[in-house]
Each structure stands twice: as structure tokens, then as C-alpha cells.
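What follows is the residue order along each chain.
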Amino acid sequence: MTLNKHRRHLLKAGLAATLSPVIPFSAGCSMSATSTPSSTTRSQAQWDKEAQLIRDRVARPTFANNTVFIEQFGALPNALDSDSLPALNAAIAHLVSIGGVRSWCPKGSFFVKGPFT
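Here's a quick rundown of the structure. Since the model is a prediction, treat every value here as computed from it, not as a measurement. (Residues numbered from 1 in each chain as written. Predicted model: local features only at pLDDT ≥ 70, side-chain atom pairs only at ≥ 80, totals over all residues. Heavy atoms only, no water.)

Considering the overall build of the chain
The helix and strand inventory of the chain stands at three helices and two strands. Of the regular secondary structure in the chain, the N- to C-terminal order runs α-α-β-α-β. Counting over 117 residues, the chain shows a buried share of 15%. Taking all contacts inside the chain whose residues are at least 6 apart in sequence as the whole, residues at least 24 apart take part in 69%. Accessible area for the chain stands at about 9,300 Å²; split by element, carbon and sulfur atoms hold 61% of it. (Helix = DSSP H or I, 4+ residues; strand = E, 2+ residues; numbered from the N terminus. Buried < 20%, exposed > 50% of the residue type's maximum accessible area, 1.4 Å probe, protein only. Contact = heavy atoms within 4.5 Å. Areas by Shrake-Rupley, 256 points an atom, 1.4 Å probe, with all protein chains shown as cover.)

And the structure:
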């Protein structure tokens, strides 16, 4: 821990030396290798309080209650000689047009010749 503190101050001093001709530092800025940690050191209780404030600001996402059944578009369960790909693609296209959410495939086997689009 002491090594990290000294490393941080060394890096700050190096940065100050590099940027001093470009950026004027305020009078209260200390860059010595023996300075104490800044006031940003926090206790666990302070971190927990800040984390809770962040969690309280995050809103849970909501989704529309859209469900499309692929049989409505012509898919036939357990009809292994009938290609269900056009029905699946139509169901997916319909979901996209209404804002998405869920396409429901009932129990059974569906023959699909090719990839979903």
C-alpha cells in the first residue's frame, strides 16, 4: 500500500513537471512524495452509501407484453414434411414491426429448411 501511495505521488510529480509550462497549477496543489492521501479516501460505509444512491437511480427496464405464436403464421408442429421457415420469418418480422419481445414455439417438432432471418 505504501508503495502504491508513493508511486501515485511520483506520477503526479512527473505529470506536474511535464505540464507545468502548459498548465498553471493552483496554489493549493501539493506534489511532494511525502504528502498525505487526498480527502477522497472513504470508509466502507461511505462507499456503501454511494453505491446505494447509484442503485436507487437505476430504473428497471420494462418490456411490452407482445407474444406471437408461430402457428398463427402457418407453422405446423410435428409436420416434418412442411417447412416452417416462412412462418418463423413472418412471425419474427411481425414482432419487429410491433416492437419485439417474444415468439412462442409450442411443444413439438418443426421442420425448418434454412436459417432464421
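Next comes the rest of the account.
A closer look at helix α3 (residues 85–98)
Here α3 contains 14 residues, and its C-alpha end-to-end distance of 20 Å stays within 8% of the 20 Å for a straight helix at 1.5 Å per residue. Within α3 the residues assigned to the buried category are Leu85, Ala87, Leu88, Asn89, Ala91 and Leu95. (Expected span 1.5 Å × (residues − 1).)

Re the pattern of salt bridges
Considering all chains together, one arrives at one salt bridge under this definition. Taking the shortest distance from any N to any O, the salt bridge between Glu50 and Arg42 comes out at 2.2 Å. Arg42 gets classed as partly exposed once you look at its relative accessible area, which sits at 36%. (Salt bridge = Lys/Arg side-chain N within 4 Å of Asp/Glu carboxyl O.)

Thoughts on the environment of Phe63
On the secondary structure map, Phe63 appears in the loop between α2 (44–57) and β1 (67–69). Here Phe63 falls in the exposed class, since its relative accessible area comes to 67%. Note: C-alpha distance between Phe63 and Gly99 (36 residues apart in sequence) is 9.2 Å.

Observations regarding the packing of aromatic side chains
Overall, the coordinates contain zero aromatic pairs when judged by the stated rule. Its end group placed over the ring of Trp47, Arg42 keeps NZ or CZ at 4.7 Å from the ring centre. (Phe/Tyr/Trp six-rings, centres within 6.5 Å; stacked < 30°, edge-to-face > 60°. Lys NZ or Arg CZ within 6 Å of the ring centre and 35° of its normal.)

So, the environment of Ala64
As for its position among the elements, Ala64 is in the loop between α2 and β1. Along the primary structure Ala64 and Val101 are separated by 37 residues, whereas in three dimensions their C-alpha atoms are 6.8 Å apart.

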